[in-house]
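A structural walkthrough
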Amino acid sequence: GENVEQHPSTLSVQEGDSAVIKCTYSDSASNYFPWYKQELGKGPQLIIDIRSNVGEKKDQRIAVTLNKTAKHFSLHITETQPEDSAVYFCAASIWGGATNKLIFGTGTLLAVQP
Amino acid sequence: GAVVSQHPSWVICKSGTSVKIECRSLDFQATTMFWYRQFPKQSLMLMATSNEGSKATYEQGVEKDKFLINHASLTLSTLTVTSAHPEDSSFYICSGGSGRAIYNEQFFGPGTRLTVL
């Protein structure tokens, strides 16, 4: 089955700096890769996603890149702000598969220091 | 985006009792709902997948007789933790998929914190 690895587990940056979180997946059939932000005591919120037919997607300060050959994808946050501090999860899924279930990475705790 | 609610947001119960958690899709019809469990500082672990009107499909290692899932309508799914024990204390999160999305976007609820004494 699919396995998703995520690095780093913790990341501390200064306000205004960029943050990069990387994930690798094992199943080449995966074609949908969302990123979620989870604040303490809350459910995950989708912040950006990418499909396998594109290599990059950007939404204001957030961007995601996908390398299908290497089976890895990354989240880039520019001009970080204290409110970006949270746990970030990547996930992978096979649309059209038997269950369409998401396989999550292990999470990255991002701390943005003011 | 689509909205999913959960009730209750937190619950404390005694060991041996049963607890029901509701998950509702408020502005879309969730043909598929997923239930996750999350322990402190860990990732989300999928427990089961349910399609409206069908029996749930449980992940390996999840006891279907302990975690009863009902998905009787396109807007409501329930998870009942039967004979709860302290090790069942966790953060339970549901998500819904509309089935009409081009890809399988899931919309997550706010979670339910279960504490079993």
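Here's a quick rundown of the structure.

Each partner contributes to the interface: chain A provides 20 residues, whereas chain B provides 19 residues. A buried area of about 1700 Å², summed over both sides, lies between chain A and chain B, and 58% of it is on carbon and sulfur atoms. With a shortest N-O distance of 2.8 Å, A:Lys101 and B:Glu59 are connected by a salt bridge. Inspection of the chain A/chain B interface yields four residue pairs in polar contact (both at pLDDT 80 or more).

This next bit is on the nonpolar core. Residues A:Trp35, A:Phe73, A:Leu75, A:Tyr88 and A:Leu110 are the most contacted members of the largest nonpolar core, which totals 24 residues. If we ignore the near neighbours within four places in the chain, the residues touching A:Phe73 are A:Ile21, A:Lys22, A:Cys23, A:Tyr25, A:Phe33, A:Trp35, A:Thr65, A:Leu66, A:Cys90 and A:Ala91. One finds B:Val19, B:Ala56, B:Val81 and B:Leu114 within the second-largest nonpolar core, a separate group that totals 23 residues.

Residues and elements named next belong to chain A. The tally for this structure, following the rule as stated, stands at two disulfides over all chains. Two residues share a disulfide in this structure: cysteine 23 and cysteine 90, whose sulfurs sit 2.0 Å from each other. Around the S-S axis, the bridge from cysteine 23 to cysteine 90 shows a dihedral of about -100 degrees and counts as left-handed. A residue pair is termed long-range when its members are at least 10 positions apart, and cysteine 23 in strand E3 (residues 19-25) and cysteine 90 in strand E9 (residues 86-92) qualify at 67 residues.

What counts as what
- Residues numbered from 1 in each chain as written.
- Chains lettered and ligands numbered in written order.
- Predicted model: local features only at pLDDT ≥ 70, side-chain atom pairs only at ≥ 80, totals over all residues.
- Heavy atoms only, no water.
- Contact = heavy atoms within 4.5 Å.
- Buried area = accessible area lost by both parts, 1.4 Å probe.
- Salt bridge = Lys/Arg side-chain N within 4 Å of Asp/Glu carboxyl O.
- Polar contact = N/O pair within 3.5 Å; in protein donor to acceptor, adjacent residues only side chain to side chain.
- Core = buried A, V, L, I, M, F, W, Y, C linked by side-chain atoms within 4.5 Å.
- Buried < 20%, exposed > 50% of the residue type's maximum accessible area, 1.4 Å probe, protein only.
- Disulfide = S-S within 2.5 Å.
- Helix = DSSP H or I, 4+ residues; strand = E, 2+ residues; numbered from the N terminus.

Without other data, these values stay purely geometric and don't point to any function.
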